[in-house]
Amino acid sequence: MHDAEFTDYVSGKASWLRQVAFLLCGDWHRADEVVQIAITRLFVHWSRVRVAGNIDGYARTVLVNVYLAERRSPWARRMVPLGGQEEPPADNGDLDRVLDLRGALAKLPPRQRAVVVLRYYCDLSVEETARTLRCSQGNVKSQTARAIDRLRRMLHTPAEEVRP
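Residues numbered from 1 in each chain as written. Predicted model: local features only at pLDDT ≥ 70, side-chain atom pairs only at ≥ 80, totals over all residues. Heavy atoms only, no water.

Engineer: Mind showing me how you'd approach the overall build of the protein chain here?
Structural biologist: The helix and strand inventory of the protein chain stands at nine helices and zero strands. Listing the helices and strands of the protein chain from first to last along the sequence gives α-α-α-α-α-α-α-α-α. The proportion of buried residues among the 164 residues of the protein chain is 38%. For the protein chain, long-range pairs separated by at least 24 residues make up 62% of all intrachain contacts whose partners lie at least 6 apart in sequence. (Helix = DSSP H or I, 4+ residues; strand = E, 2+ residues; numbered from the N terminus. Buried < 20%, exposed > 50% of the residue type's maximum accessible area, 1.4 Å probe, protein only. Contact = heavy atoms within 4.5 Å.)

Engineer: Explanation requested: the side chain of Thr61 in the structure shown.
Structural biologist: Residue placement: Thr61 occurs in helix 4 (residues 55-72). Judged by its relative accessible area of 15%, Thr61 falls in the buried class.

Engineer: Help me understand the packing of helix 8 (residues 126-133) against helix 9 (residues 137-155), please; the structure alone is not making it clear to me.
Structural biologist: Between two packed helices, what matters for the description is the angle formed by their axes and the separation of those axes. Close contact between helix 8 and helix 9 brings their axes to 8 Å; oriented N to C, the two are set at 100°. By the angle between their directions, the pair helix 8 and helix 9 is classed as roughly perpendicular. In this structure, helix 8 contributes Val126, Glu127, Thr129 and Ala130 to the contact, and helix 9 contributes Gln137, Val140 and Lys141. Residue classes in the contact of helix 8 with helix 9 are distributed as three nonpolar, two polar and two charged. (Axes fitted to C-alpha atoms, helices over the stretch in contact; angles between N-to-C directions. Parallel < 35°, antiparallel > 145°, perpendicular 65-115°, else oblique. Nonpolar A, V, L, I, M, F, W, Y, C, P; charged D, E, K, R; others polar.)

Engineer: When you look at the side chain of Arg113 in this model, what are you seeing that I'm missing?
Structural biologist: Mapped onto the elements, Arg113 comes out in helix 7 (residues 110-121). Despite its burial, Arg113 pairs with no opposite charge, the nearest such side chain being Glu70 at 8.0 Å. Engagement of the side chain of Arg113 in a polar contact is seen with the backbone oxygen of Ala106, the distance being 2.3 Å. (Lys, Arg positive; Asp, Glu negative; His and termini not counted. Salt bridge = Lys/Arg side-chain N within 4 Å of Asp/Glu carboxyl O. Polar contact = N/O pair within 3.5 Å; in protein donor to acceptor, adjacent residues only side chain to side chain.)

Engineer: Is there a simple way to think about the packing of aromatic side chains in this case?
Structural biologist: Within this structure, the stated rule accounts for four aromatic pairs. A ring pair is formed by Phe6 and Phe43, whose centres lie 5.1 Å apart and whose planes are at 65°; its orientation type is edge-to-face. Highlighted residues: Phe6 in helix 1 (residues 2-25) and Phe43 in helix 2 (residues 28-44), separated in sequence by 37 residues. Seen from their ring centres, Phe6 and Trp46 are 5.2 Å apart, and the 80° between their planes marks the pair as edge-to-face. (Phe/Tyr/Trp six-rings, centres within 6.5 Å; stacked < 30°, edge-to-face > 60°.)

Engineer: I would appreciate a short explanation of the environment of Val116 in the present structure.
Structural biologist: Mapped onto the elements, Val116 comes out in helix 7. Residue classification places Val116 among the buried residues on the basis of a relative accessible area of 3%. For the pair formed by Val116 and Ala147, sequence separation is 31 residues and the distance between their alpha carbons is 7.2 Å.

Engineer: Is there a simple way to think about unusual backbone geometry in this case?
Structural biologist: Backbone phi values are negative for most residues with the exception of glycine, while trans is the configuration of most peptide bonds. Of note in the backbone geometry, Asp123 takes a positive phi value of approximately 60° without being a glycine. Mapped onto the elements, Asp123 comes out in the loop between helix 7 and helix 8.

Engineer: I'm lost on the nonpolar core in this one. Help?
Structural biologist: In summary, soluble globular proteins display a tendency toward joint burial of nonpolar side chains. Leu24, Val34, Leu63, Val64 and Leu133 are the most contacted members of the largest nonpolar core, which has 45 residues in total. Elements with a contribution of two residues or more to this core: helix 1, helix 2, helix 3 (46-49), helix 4, helix 6 (95-106), helix 7, helix 8 and helix 9. (Core = buried A, V, L, I, M, F, W, Y, C linked by side-chain atoms within 4.5 Å.)

Engineer: Looking at this structure, how should I read helix 7?
Structural biologist: Since there are 3.6 residues in each turn of an α-helix, residues three or four apart along the chain are aligned in direction. The terminal C-alpha atoms of helix 7, which comprises twelve residues, lie 15 Å apart, in line with the 16 Å expected from a rise of 1.5 Å per residue. Of all the twelve residues making up helix 7, nine are buried; the element is thus mostly covered by neighbouring parts of the structure. What helix 7 keeps buried is the set Gln112, Arg113, Ala114, Val115, Val116, Val117, Leu118, Arg119 and Tyr120. At its buried positions, helix 7 is contacted by helix 1, helix 4, helix 6, helix 8 and helix 9. (Expected span 1.5 Å × (residues − 1).)

Engineer: Where do I start with the pattern of salt bridges in this structure?
Structural biologist: Should their charged atoms come close, side chains of opposite charge can pair. With the rule as written, the count across this model stands at five salt bridges. Between Arg50 and Glu5 there is a salt bridge whose closest N-O contact spans 2.8 Å. Linking Arg50 in the loop between helix 3 and helix 4 with Glu5 in helix 1, this pair joins segments that are 45 residues apart in sequence. Using a relative accessible area of 29% as the deciding quantity, one classes Arg50 as partly exposed. Among the residues examined, Glu5 registers a relative accessible area of 32% and is labelled partly exposed.

Structural data, given as structure tokens:
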């Protein structure tokens, strides 16, 4: 019974998990690996996850923690991304701006990238982001400010135009 419930959840959320992982990693292959590890961890702890009340929040936290742990490992520092994109980006109007923003996002340090993805892609509040990253709200605010400032500098965009 629990296996079917887990399978239904993962089937429904696989695309969303993969997109969040891609925004964190900037590479579809690494995103798939992060999602696979996160799904495995969710399965192992499914009895605890399903009673947590917010399965999406739990899954997102596991996904971000897997990404951050992967970035801290010595192996991640030695890997060089291929730079190719397996899937074409969605048509969001100004494709060049989307690609520029993704490139700039990929250059952010892992925690700043995680904060930007959680705050602006996942639309989490400061409190929810702090809970997901297990840090203070002040840390989320300062990481967000630094990340946005860095994105502005990389994109050479006036302050009022940048909103990831």
